[in-house]
Amino acid sequence: MPAALTPATDRLVLAELAEANRPAQLPLVTRIAEILAASPAVTHLLVRGSLASGTADRLSDIDFVVGVHDAHLPAYLTALDDLMSIEAGALLPGWRDTIVADLGGIGRVFLLPHDGKLQQTDLYLAPASKVPALRRQISTASLLDCPAPSVMPPEIRRAEEFIAEHTARPKSCTELLIEHLVLAVLLHKRIRRGQRFVAYSEWHLLHTATKDLIKAALAPASRFWGWYRLAEEIALTPIGRESLADLEKAIMGPAVPDGADVDAALDRVIDLAERACPTALDSLRDALTAYRTYLELA
């Protein structure tokens, strides 16, 4: 049964990661690792990305792969937002990550206050049965490796079905607002690093999230895919026309934003949500106040 990260081998891995580049995020990595490893449902805990390769800088995100027993995956995902909020101090519920590569699991992105800024923390939940194949695909450093759990074929199938259903489920207005908030943090990081190609990609994702928010709020039963027939479905009411005007302002902006462009887009989306889906915005108001404070400090 997994426990807190106390074995010497686990501490050795963390020490090696620190020695490789002494990332400022290391205390947070250790704290999150201990929180995640405390659950008996967790079978593996792997660090990946720049922290695992020793190339992290002060802007690097924290990337974990969390192996979860196949039978416990739905319950663990249901509890994850509360776990990360109460135990780790996450500012918002996790964003359903649509950027991460498909490795047979489910990605979640959390924003955690750390060292005066919001630290992007990526958790990739993988069924335990998928972890061996996943490790062959990506480079990781292992913090927790339980003996191979016994997983029956029906449990594997149910986990696969759960992941497919979860991935296909339409996002709610609240989830789409969280997506905007997370993408704004990512974009500010890309801009500071000069990663123009990635900034271009995530800027387009932000615009798409705005379109999806408008449709989720004003045309939840839309019969059309993506960007098709927006005017026909949305521009039937004053709120719809105002929302489409906001969307047009967004897509007519620069292809690659600067920080002021990102902030203006976020303000526009908050105003849009105030009109089109105020209940979703109400659920995030307290977190939004703290979020804006951290963005100003960054």
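The text that follows walks through the structure, step by step, so that each part is easy to find. Once a new chain begins, its residue numbering starts again from 1 and follows that chain's sequence as written. Under the rules for a predicted model, residues below a pLDDT of 70 receive no local features and side-chain atom pairs below 80 are neither given nor counted, while totals for whole chains, interfaces and linings still include all residues. Excluding hydrogens and water, the side-chain figures rest on all heavy atoms present in the structure.

Contact geometry for helix α7 (residues 173-193) and helix α8 (residues 196-218): axes closest at 9 Å, N-to-C directions at 165°. By the criterion of interaxial angle, the relationship of α7 to α8 is roughly antiparallel. The hand of the α7/α8 crossing is left-handed. Along its contact with α7, which presents C173, L176, L177, E179, H180, L183, A184, L186, L187 and R190, the element α8 presents V198, A199, E202, W203, L205, L206, A209, T210, D212, L213, A216 and A217. Each residue gets one label: Ala, Val, Leu, Ile, Met, Phe, Trp, Tyr, Cys and Pro are nonpolar, Asp, Glu, Lys and Arg are charged, and the others, such as Gly, are polar. Residues of the contact of α7 with α8, tallied by class, amount to 16 nonpolar, two polar and four charged. Note on geometry: axes are C-alpha line fits, over the in-contact stretch for helices, and angles between N-to-C directions span 0 to 180 degrees. Think of it this way: any DSSP run of H or I at least four residues long counts as a helix, any run of E at least two long counts as a strand, and we number them from the N terminus. Between 65 and 115 degrees an angle is taken as roughly perpendicular, under 35 as roughly parallel, over 145 as roughly antiparallel, and anywhere else as oblique. Handedness of a helix crossing follows the sense of rotation of the near helix relative to the far helix, less than a right angle counterclockwise being left-handed and clockwise being right-handed. Any two residues having at least one pair of non-hydrogen atoms within 4.5 Å are treated as being in contact.

Moving on, we come to the pairing of strand β5 (residues 117-127). For every residue, the accessible area (1.4 Å probe, protein chains only) is compared with the maximum for its type, and the residue is labelled buried under 20%, exposed over 50%, or partly exposed between those bounds. The buried count for β5 comes to eleven of eleven residues, which makes it a mostly enclosed element. For strand β2 (residues 62-68) and β5, the ladder comprises seven bridges, and the chain directions are parallel. By the bridge assignment for β5, V68 is matched with P127. Of the pairings in the sheet, the one linking strand β4 (residues 106-114) to β5 comprises nine bridges and is antiparallel in character. When the bridges of β5 are listed, R108 appears paired with L123. Whether two strands pair comes down to DSSP finding at least two bridges between them. Counting the residues in the hairpin turn of β4 and β5 gives two residues, including D115, whose phi is positive at 55°.

Within this scheme a cavity is a closed region of a 1 Å grid, computed over the protein atoms alone, that accommodates a 1.4 Å probe without allowing it to escape, whereas a pocket is open but has protein on both sides within 12 Å along at least five of seven lines; lining residues each have an atom within 4 Å of a point. Grid points are joined across faces, edges and corners, and a volume is the space filled by probe spheres set on the points. As a volume, the largest pocket reaches approximately 890 Å³. Lining the largest pocket we find 33 residues, and of these R96, R169, P170, K171 and D212 sit closest to its centre. Of all elements in the fold, only β4, α6 (153-168), α7 and α8 reach the threshold of two or more residues within the lining of the largest pocket. Here the element with the most residues in the lining of the largest pocket is α8; it accounts for seven residues. Counted by class, the lining of the largest pocket contains 15 nonpolar, nine polar and nine charged residues. Volume-wise, the second largest pocket comes out at about 260 Å³. D61, D63, Q120, D122 and R190 are the residues nearest the centre of the second largest pocket, which is lined by 17 residues in total. Looking at the lining of the second largest pocket, the elements that each hand over two or more residues are β5 and α7. Among the elements that line the lining of the second largest pocket, the one with the most residues is α7, at four residues. Of the residues belonging to the lining of the second largest pocket, the class tally is five nonpolar, three polar and nine charged.

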